[in-house]
Amino acid sequence: MLDLRVVTTSTAMLIAMMAVALAEPVKDKAPVAGQSATEARPIRVVLPAPWEPATRSQGEMTNASK
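Residues numbered from 1 in each chain as written. Predicted model: local features only at pLDDT ≥ 70, side-chain atom pairs only at ≥ 80, totals over all residues. Heavy atoms only, no water.

Q: How should the overall build of the chain be read in this particular structure?
A: Within the chain one finds 2 helices and 0 strands. Across the 66 residues that make up the chain, the buried fraction comes to 2%. With the model as given, the accessible surface of the chain reaches about 6800 Å², and the carbon-plus-sulfur share is 65%. (Helix = DSSP H or I, 4+ residues; strand = E, 2+ residues; numbered from the N terminus. Buried < 20%, exposed > 50% of the residue type's maximum accessible area, 1.4 Å probe, protein only. Areas by Shrake-Rupley, 256 points an atom, 1.4 Å probe, with all protein chains shown as cover.)

Listed below in structure tokens is the structure:
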């Protein structure tokens, strides 16, 4: 009985893995509501350099970027 469960589980896992591998990948993701594909842009985060103090306020950062 145990052997039958092992064979059944192994076969089910093999079929599931093959189904995932053969599935077609998503070509394009849908744009966020209100944006077209040309308007969608990646988010860029500017991190402080290692030698800059990490305790600068938001106002100092905007003044420094101007």
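Q: Help me out: how do you make sense of a nonpolar patch on the surface in this one?
A: Together, Met-13, Leu-14, Met-17, Met-18 and Leu-22 make up a nonpolar patch on the protein surface, roughly 560 Å² of accessible area in all. Judged by relative accessible area, which is 69%, Leu-22 ranks as exposed. (Patch = residues over 30% accessible without salt bridge, like charges linked within 9 Å, V, L, I, M, F, W, Y side chains within 5 Å. Salt bridge = Lys/Arg side-chain N within 4 Å of Asp/Glu carboxyl O.)

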